[in-house]
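# Observations on chain architecture
Residue-level listing of the chains:
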Amino acid sequence: MDIHNAQGLRNFKNYVALKFQLYNSLFTSLPFQRIEKTGMLLSLFFNLCEEGYHKNLSPSEIIEDFFSKQDSFKSPSERADILFQFIQFIERQVVLFDALEDAAFNKVHDMGGTGTLKQLEMEVIQQKKEAALTKKLEDFSVELVLTAHPTQFYPGNVLGIINDLSKSLAENNTAQINIYLQQLGKTPFFKKEKPTPFDEATSLVWYLENVFFAAAGRSISFLKSQFPGAVQDKNPVIKMGFWPGGDRDGNPYVNTEITLKVAAALRGSIIKCYYLEVRKLRRRLTFKGVEPLVIDLERQLYNNIFIPGIRTDITKEGILQILYNVRDILVSQHNGLFVYLVDNLINKVHIFGLHFASLDIRQDSSIHQMVIAALVNSGNVLPKNYLNLSADEKIAFINKNEDVLKQEVYTNAVIDDTLNSIRAIQEIQSFNGEPGCNRYIISHCESALDILEVYALFILCGWKRNALKVDIVPLIETIDDLQNAGNILKTLYQNSEYRAHLQQRNNIQTVMLGFSDGSKDGGYLMGNWSIYKAKEILTSVSKEYGIDVIFFDGRGGPPARGGGKTHKFYASMGRNIANKEIQLTIQGQTVSSNFGTIDSAQYNIEQLIHAGISNDLFSDNNVTLAETEESLLQQLADESFVSYSSLKNHAEFMDYLIHVSPLQYYSQTNIGSRPTKRGSGKITMADLRAVPFVGSWSQLKQNVTGYFGVGTALAVMDKNGKLPQLKILYQKSLFFKTLIDNCEMAMKKCFFPLTAYLAKDEKFGGIWTKIYEEFVLTEKYILKLTGHQTLMEEYPVEQLSVEMREKIVLPLNTIQQYAMAQIRNLQSENDPMKETYEKLVMRCSFGIINAGRNSA
């Protein structure tokens, strides 16, 4: 173990593990009815769980054993009541652990170590790369896009408690900690109603105001202070994006009114942040010639926030002009006193403008096809025979059409909203600036025509071709579409009208790639490898046509959805993959776990900046895969795809997921406004969204999407005598190593004794055994490949964190599987206990997912 890992592990044990034992004992002394008894009984129950799984008992047998020893719980309702109390107690233990990890973040992580801007500074100076850094920063940036995907199981008020509790824990303020634990005990974790899209937006705006505003400002201020002139005003390096209120793909509750309301909220929020900063400045800038300017700026900002119905014509440029005037006076007349405070605010204005975060609009390609069909049927501009035309004929019509739609109201609200959302972008740009909303994303994009028809809809909605300040972004998700992505862009670039549009957009084409659906469709290895290959091909095609392609990665929390050690993936991209910008989604849990505090946000932002810059600047970091190495990975991906497909096509696959996992109860958790699946009716693999799909495997403690097929693929390669080559590749290739590291993380969170009772099940025994055997095979070959003795051995802090978290929620896993088994065994759908068991299943989801931190 290296010195940094050893220090980090020592600090983790002292500041997290030890303190958890200490403060956990406070729960039983809180002044709440029955809590002491609940804590004592939970301790007994936990011991029975551990012992029971060692004896190969099922969750039902463990719980029956527990109740056989407790005479006071005789009726089913009394037993359910104590299980609900256990759930509530464990939920709060998880919160305490989260808060302790947040509080200890800068003690466990080296804030000036590997992957930080301080390390970048040292590398640049040592290798005399100052000029190269300045050149790189002319157009390089990292954009973090906060999404509304429902993977955050903590309600907003609990997130607030975690934030406050972590501060008190960092200060060792025991009295305050006790008060927050009492508040936690009284605060419900379950939302009785689903949040609206605006509620989701409000929750994420809290992170913009309280975390990203400060963290991004710190990072850019450091870069500017250490490398004066390297960061250009036109390219602030850090950007924020935003999906709540703009992402209407599969979410019927997002409409144009919500979109405009969210855009206005983002504008109001950033102006409020500036106002509070200027108020602080006033206390310092009390000098002649400066104070009147600061007071004037404060007044302008105030008028935009607190005067109802007023939206003044304040602009980003206007704010900057005042601040630059203030700066000039401080330098020329007041010895530069407090000029760093003004510089910090200037940096933030360059980053956040009046938009705070760019609001993306997203809709599914099938909806655009429905809109086109409605326009054809109503005879609104599009010719009656349009749907019967070939793709080339449709494109020819799109290229020459200049007509604008007649304003009509369609019976289908989705059609109206799609057209109105396109028109609304102009309104948002008028008061938030162009960055406020300048991207339209097409989900399930399968062809160039899907892109060109959206381009046509913009013209039909009144946008002028020479003034279309919007990037049209295809989202490519399935394995087949990823493999065809090069042909899609080639057709697009050959279209003269679209090419003219790209010239107006600085010859940049953004392409979004869906890690979640890629892994769901092709399995872990094939999903990740297909995206890697698609990036190579799209880079080559774009270079051929003189276009800069930018990749926008749709990543979730767990490895199966593109999460895990994300920055290492970006550091591992070779020279044959475009690296102009890093853009990625930050979803639900990942927001709070990786960016929940200013320290953690700054650290993780810097890791991404360093990853993107180091690839280009330092020649010894050349990580481009050789042709033979790519061939090895292709063979590995192909074999894993065959294995994963055999599981996905198993006759009991969907029934197993529906009846053994909590999949069908996801919608009842009320964690997001978006439905669990697209469409209505029976749950099918095609309609099922990646979040509940991956999250359900996570709660089963089987994490199929993070490893299945890897073991089989490695075994085949071993049989063919290629394991030695893969061992060399693991040591040499950061991309392959990161793939395996993330796979280990997914496997570390598995616990097959929980569901081992299913091995004897008449219906599900076969599929359970198939999954378990693949897990055992994968673990065996990963340890062979890495030379390690245990999973995650190279990351001792994360390894211990996972072990402790999994231990905390073991009783929850047991209760959930017990309840699922009870539901399956009920003789009647009308059994009075059915609803209670379903609630147990659903409530256990909160603690299990929250403890995993990146499980959904």
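What counts, and where the lines are drawn
- Residues numbered from 1 in each chain as written.
- Predicted model: local features only at pLDDT ≥ 70, side-chain atom pairs only at ≥ 80, totals over all residues.
- Heavy atoms only, no water.
- Helix = DSSP H or I, 4+ residues; strand = E, 2+ residues; numbered from the N terminus.
- Rg over C-alpha atoms; globule rule 2.2 N^0.38 Å.
- Buried < 20%, exposed > 50% of the residue type's maximum accessible area, 1.4 Å probe, protein only.
- Contact = heavy atoms within 4.5 Å.
- Areas by Shrake-Rupley, 256 points an atom, 1.4 Å probe, with all protein chains shown as cover.
- Lys, Arg positive; Asp, Glu negative; His and termini not counted.
- Charge placed at Lys NZ, Arg CZ, Asp CG, Glu CD.
- Axes fitted to C-alpha atoms, helices over the stretch in contact; angles between N-to-C directions.
- Parallel < 35°, antiparallel > 145°, perpendicular 65-115°, else oblique.
- Left-handed = near helix turned anticlockwise from the far one by under 90°.
- Nonpolar A, V, L, I, M, F, W, Y, C, P; charged D, E, K, R; others polar.
- Salt bridge = Lys/Arg side-chain N within 4 Å of Asp/Glu carboxyl O.
- Pairing = 2+ DSSP bridges.
- Right-handed = clockwise from strand over helix to strand, strands pointing away.
- Expected span 1.5 Å × (residues − 1).
- pLDDT = per-residue confidence, 0-100.
- Core = buried A, V, L, I, M, F, W, Y, C linked by side-chain atoms within 4.5 Å.
- Bend = angle between axes of the 7 residues up to and from the residue.
- Polar contact = N/O pair within 3.5 Å; in protein donor to acceptor, adjacent residues only side chain to side chain.
- Patch = residues over 30% accessible without salt bridge, like charges linked within 9 Å, V, L, I, M, F, W, Y side chains within 5 Å.

Another point: the overall build of the chain. Helix and strand counts for the chain stand at 36 helices and nine strands. Rg of the C-alpha trace for the chain: 28 Å, near the compact-globule value of 29 Å for 856 residues, within the 12% margin. Looking at the chain as a whole, 60% of its 856 residues qualify as buried. For the chain, restricting intrachain contacts to residue pairs at least 6 apart in sequence, the fraction spanning at least 24 positions comes to 82%. For the chain, the computed accessible surface area is about 33,000 Å², with 50% contributed by carbon and sulfur atoms. The averaged location of the 94 negative side-chain charges in the chain is 3 Å from the averaged location of its 89 positive side-chain charges.

Summarising the element assignment, Y498 is placed in helix α21 (residues 496-504). Residues Y498 and Y455, spaced 43 residues apart in sequence, show a C-alpha to C-alpha distance of 8.0 Å. Residues contacting Y498, with those up to four places away along its chain left out, are I451, L452, Y455, I472, L492 and Q509.

Each pair of packed helices can be described by the angle between their axes along with the distance between the axes. It is the contact of helix α4 (residues 76-103) with helix α8 (residues 156-170), at a shortest axis distance of 8 Å, that shows an interaxial angle of 50 degrees. When the interaxial angle is binned, α4 and α8 end up oblique. In this structure, α4 crosses over α8, and the sense of that crossing is right-handed. In this structure, α4 contributes V95, L96, A99, L100, D102 and A103 to the contact, and α8 contributes V158, I162, L165, S166, L169 and A170. Of the residues that constitute the contact of α4 with α8, the class distribution is 10 nonpolar, one polar and one charged.

Attention shifts here to the pattern of salt bridges. Inspection of the entire model under this criterion finds 43 salt bridges. In this structure, K348 engages E277 in a salt bridge whose closest nitrogen and oxygen atoms are separated by 3.4 Å. Linking K348 in helix α14 (residues 339-352) with E277 in helix α11 (residues 256-284), this pair joins segments that are 71 residues apart in sequence. Each member of the pair, K348 as well as E277, carries the same accessibility label: buried. Salt bridges linked by common partners bring E91, R92 and R843 together as one network.

What follows covers the environment of T597. By secondary structure assignment, the location of T597 is in the loop between α25 (588-595) and α26 (598-617). Accessibility expressed as a relative area gives 13% for T597, which makes it buried. Once the C-alpha coordinates of T597 and A214 are considered, the two residues, 383 residues apart in sequence, prove to be 9.9 Å apart. Apart from the residues within four sequence positions on either side, T597 is in contact with D102 and V211.

This part takes up the pairing of strand β6 (residues 471-476). Burial analysis of β6 places six of its six residues in the buried class, the great majority of the element. What you see with β6 is no split at all: D471, V473 and L475 on one side and I472, P474 and I476 on the other are buried throughout. Here strand β5 (residues 439-443) runs beside β6; their pairing, made up of four bridges, is parallel. Bridge pairing links R439 to D471 in β6. The handedness of the β5 to β6 crossover, carried by helix α18 (residues 448-460), is right-handed. Alignment of β6 against strand β7 (residues 508-514), held across two bridges, turns out to be parallel. Bridged to L475 within β7 is M512.

Here we come to helix α1 (residues 3-27). Given a rise of 1.5 Å per residue, 25 residues ought to cover 36 Å, and the 35 Å separating the end C-alpha atoms of α1 matches this to within 8%. Within the span of α1, buried status applies to G8, L9, N11, F12, V16, A17, K19, F20, Y23, N24 and F27. Against the buried residues of α1 lie α2 (35-54), α4, α5 (105-108), α8, α9 (174-186) and α34 (796-808).

As a further point, take the sheet that holds strand β3 (residues 358-359). Across the sheet, nine strands lie side by side as β3-β2-β1-β9-β8-β7-β6-β5-β4; this open sheet has parallel pairing. Lying at the two open borders of the sheet, with one neighbouring strand each, are β3 and β4 (361-364). Direction of pairing for strand β8 (residues 548-554) relative to strand β9 (residues 581-587): parallel, over a ladder of two bridges. Within β9, the residue paired with F552 across the bridge is Q583.

Taken residue by residue, the chain gives an average pLDDT of 90. The fraction at 70 or more is 93%. Averaged pLDDT values over the elements of the chain bottom out at 75 in helix α22 (residues 515-522) and peak at 98 in β3.

As a further point, take the nonpolar core. Membership of the largest hydrophobic core comes to 199 residues, with the highest contact counts inside it found for L144, F242, Y656, Y707, L726 and I771. Examining the composition of this core, we find that 13 residues originate from one element, helix α10 (residues 197-226), more than from any other. In contact with L144, other than residues within four places in its own chain, are F212, K239, M240, G241, L584, I586, F595, I605 and L608. If you look at the next biggest cluster of nonpolar residues, it comprises 70 residues, including V108, L181, L184 and L800.

Between the first and last C-alpha of helix α17 (residues 413-432) there are 26 Å, a value that for 20 residues agrees with the 28 Å anticipated at 1.5 Å per step. Along α17, the largest kink reaches about 30 degrees and is centred on I422. Taking burial as the measure, the 20 residues of α17 include 14 buried ones, the bulk of the element. The N-terminus of α17 is capped by N412, whose side-chain oxygen sits 2.8 Å from the backbone nitrogen of V414. Positive backbone phi, at 85 degrees, marks G433, one or two positions downstream of α17.

What follows concerns the pairing of β5. Of all five residues in β5, five are buried, a share of seventy percent or more. Alternating residues of β5 divide into R439, I441 and S443 and Y440 and I442, and every residue in both groups is buried. Taken together, the four bridges between β4 and β5 define a ladder with parallel strand orientation. The residue of β5 that forms the bridge with I361 is Y440.

On the surface, Y302, F306 and I307 cluster together to form a nonpolar patch covering roughly 270 Å² of accessible area. Checked against the element boundaries, I307 lands in the loop between α12 (291-306) and α13 (316-333).

Attention now goes to the side chain of N813. Tracing the chain through its elements places N813 in helix α35 (residues 810-825). Not counting residues up to four positions away in its chain, the partners in contact with N813 are Q699, K701, L754 and I848.

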